[in-house]
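Overview (structure and organization)
The residues making up each chain are set out below.
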Amino acid sequence: MMADGGTLSATESLRANLTQVFRLPEDCVQWLLDVWDCIQAFDDYADGDPVSRERLDSLIWSSLVGLPGNPWFAAHSGRLLPILSQAVLKWLASDRAERDGSADARSFVWRAGYYDLVLACVLLAHGPQNAARVANLVMLLYGERFEDYMSEFGGKHA
């Protein structure tokens, strides 16, 4: 894993890992970063956090044009769309648990479906042996700690 010394933003660190550690093609990296940006902004909006008009305009473009028109996605949509769909459904379930007060270890894990997409892209780009070799590094991209997640809800965890 890359060490950024705390100087890189989450998006910059993600880009560095996708390009340097996982050696993904640039179109793939861009698609994953666009998905990441959409997820983060939609989550902010769902949580009632401010989303600027400039960011909203960017999301409109990404959602309707950039993501579906990305050459990597176009070439692999048959494999990526079911994984993306599952990530959305898992986020919806996790978000529902958070909102009704039942957030726990399961909702914590399910909210991280984005990393399933990253691993799928590594698999598509480099094959099963290489994906298996770096799967643990993909897992380490998920930087949120369970304790921090649960503290958002003032909850105790088992």
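Report on the accompanying structure. (Residues numbered from 1 in each chain as written. Predicted model: local features only at pLDDT ≥ 70, side-chain atom pairs only at ≥ 80, totals over all residues. Heavy atoms only, no water.)

Take the packing of helix H2 (residues 26–46) against helix H3 (residues 53–69) next. It is at 10 Å that the axes of H2 and H3 come closest, and there the two elements cross at 135 degrees. The orientation of H2 relative to H3 falls into the category oblique. Considering only the axes of H2 and H3, their crossing is left-handed. Where H2 abuts H3, its residues Trp31, Asp34, Val35, Asp37, Cys38, Gln40, Ala41, Phe42 and Asp44 lie against Arg55, Ser58, Leu59, Ser62, Ser63 and Leu67. Of the residues in the contact of H2 with H3, the class split is seven nonpolar, four polar and four charged. (Axes fitted to C-alpha atoms, helices over the stretch in contact; angles between N-to-C directions. Helix = DSSP H or I, 4+ residues; strand = E, 2+ residues; numbered from the N terminus. Parallel < 35°, antiparallel > 145°, perpendicular 65-115°, else oblique. Left-handed = near helix turned anticlockwise from the far one by under 90°. Contact = heavy atoms within 4.5 Å. Nonpolar A, V, L, I, M, F, W, Y, C, P; charged D, E, K, R; others polar.)

Attention now moves to empty space enclosed by the protein. Within the structure shown, the criterion is met by one cavity of 30 Å³ or more. Taken together, Val21, Phe22, Arg23, Val122, His126, Asn130, Arg133 and Val134 form the lining of the largest cavity. Considering every element that reaches the lining of the largest cavity, the biggest residue donor is helix H6 (residues 114–140), with five residues. Its residues placed into classes, the lining of the largest cavity shows four nonpolar, two polar and two charged. (1 Å grid on protein atoms, 1.4 Å probe; cavity = no way out; pocket = protein on both sides within 12 Å on 5 of 7 lines; lining within 4 Å. Points joined across faces, edges and corners; volume = space filled by probe spheres on them.)

All right, on to the side chain of Asp34 then. With respect to the helices, strands and loops of the structure, Asp34 is situated in helix H2. One polar contact links Asp34 to Gln30, side chain to side chain, over a distance of 2.9 Å. With near-sequence residues (within four places) excluded, Asp34 lies in contact with Ser62 and Leu67. (Polar contact = N/O pair within 3.5 Å; in protein donor to acceptor, adjacent residues only side chain to side chain.)

Think of a ball as big as a water molecule: rolled over the atoms, this probe shows where empty space is left. When its volume is computed, the largest pocket comes out at roughly 670 Å³. As for the largest pocket, its lining consists of 27 residues, and the residues nearest its centre are Ile39, Gln40, Asp43, Trp91 and Arg111. Per-element tally for the lining of the largest pocket: the top contributor is H2, with eight residues. Of the residues contributing to the lining of the largest pocket, the split by class is 16 nonpolar, four polar and seven charged.

Here we take up the pattern of salt bridges. One pass over the full model with this rule turns up 12 salt bridges. Close ionic contact of Asp95 with Arg99 constitutes a salt bridge, the shortest N to O distance being 2.7 Å. With Asp95 and Arg99 both in helix H4 (residues 71–99) and four residues apart, this pair spans about one turn of that helix. Across the pair Arg106 and Asp104 runs a salt bridge whose closest N-O atoms are separated by 2.4 Å. Exposure remark for Arg106: the relative accessible area of 64% places this residue in the exposed category. Taken together, the shared-partner salt bridges in this structure form one network comprising Asp37, Asp44 and Arg55. (Salt bridge = Lys/Arg side-chain N within 4 Å of Asp/Glu carboxyl O. Buried < 20%, exposed > 50% of the residue type's maximum accessible area, 1.4 Å probe, protein only.)

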